[in-house]
Protein chains: 2
Amino acid sequence: MKQVDVKAKFGQRLRDIRNQMGWSQEHLAAVVGLDRSYVGGVERGERNISIENICKLAEALEINPAVLFEQWGT
Amino acid sequence: MKQVDVKAKFGQRLRDIRNQMGWSQEHLAAVVGLDRSYVGGVERGERNISIENICKLAEALEINPAVLFEQWGT
DNA sequence: TTGTGACTCCTAGTCCGTT
DNA sequence: AAACGGACTAGGAGTCACA
């Protein structure tokens, strides 16, 4: 059985955390220094984001990158 | 001040875990389905690996992807 | 405020090899 | 066993206009 799309899982987690902080995609994108539509694409699981941008996002959200990989249900 | 290279940190972590399992780069690459020279480059911090391959590696090593981002010194 | 398609540029990732 | 290189193709990074 094919495992769930990791990009979608990551995107959902990112979105949850962003919403918890009450940030818009636009605001997050501005802080990270990425394009708003790019961040949106990541949240929707359409982008196969690389480690450097993962860490940039984590830094902007003031969390450890590992947090973005938690609660994936193994 | 520029932060430490996340690719290098990730690569070192990957290498440590791989060594703990007594696996060669070649073996890991074969299990994951990636090229051996590519895995070597990742461990050396030369490659900006994407999330799908990060998760493939974690799966091959039978660990949660978050483990690869631990002990980064916050 | 976010989704989406389309686009260019550059690199992620492959495959061959030598050291 | 691992580092490193060249040449290549697939696909990620980054941007925009418009819905």
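Rules and cut-offs
- Residues numbered from 1 in each chain as written.
- Chains lettered and ligands numbered in written order.
- Predicted model: local features only at pLDDT ≥ 70, side-chain atom pairs only at ≥ 80, totals over all residues.
- Heavy atoms only, no water.
- Near = heavy atom within 4 Å.
- Polar contact = N/O pair within 3.5 Å; in protein donor to acceptor, adjacent residues only side chain to side chain.
- Helix = DSSP H or I, 4+ residues; strand = E, 2+ residues; numbered from the N terminus.
- Nonpolar A, V, L, I, M, F, W, Y, C, P; charged D, E, K, R; others polar.
- Axes fitted to C-alpha atoms, helices over the stretch in contact; angles between N-to-C directions.
- Parallel < 35°, antiparallel > 145°, perpendicular 65-115°, else oblique.
- Contact = heavy atoms within 4.5 Å.

Moving on: the protein's contact with DNA strand D. Taken together, 19 residues are adjacent to DNA strand D, and S37, Y38 and S50 of chain A together with R15 and Q25 of chain B come closest. Taken together, the sugar and phosphate atoms account for 63% of what DNA strand D places within 4 Å of the protein. In the environment of DNA strand D, a phosphate oxygen lies 2.8 Å from a nitrogen or oxygen atom belonging to the side chain of S50 of chain A. Residue R36 of chain B places a side-chain N or O atom 3.4 Å away from a base nitrogen belonging to DNA strand D. Contributing elements (two or more residues each) for the surface near DNA strand D: α3 (36–43) of chain A together with α1 (6–20), α2 (25–32) and α3 (36–43) of chain B. Split by residue class, the surface near DNA strand D holds 3 nonpolar, 7 polar and 9 charged.

Our next topic: the packing of helix α1 (residues 6–20) of chain A against helix α4 (residues 51–60) of chain B. Running from N to C, α1 of chain A and α4 of chain B point in directions that differ by 110 degrees, and their axes come no closer than 9 Å. Relative to α4 of chain B, α1 of chain A is oriented roughly perpendicular. Contacts from V6, K7 and F10 of chain A in α1 of chain A reach I51, E52 and C55 of chain B in α4 of chain B.

Glancing now at the protein's contact with DNA strand C. With respect to spatial proximity, 21 residues lie near DNA strand C, and among them Q25 and R36 of chain A together with Y38, R47 and S50 of chain B are the closest. When the atoms of DNA strand C within 4 Å of the protein are sorted by group, sugar and phosphate make up 53%. Within the side chain of R44 of chain A, an N or O atom sits 3.2 Å from a phosphate oxygen of DNA strand C. In the environment of DNA strand C, a base oxygen lies 2.8 Å from a nitrogen or oxygen atom belonging to the side chain of R36 of chain B. Where the surface near DNA strand C is concerned, the elements lending two or more residues are α1, α2 (25–32) and α3 of chain A together with α3 of chain B.

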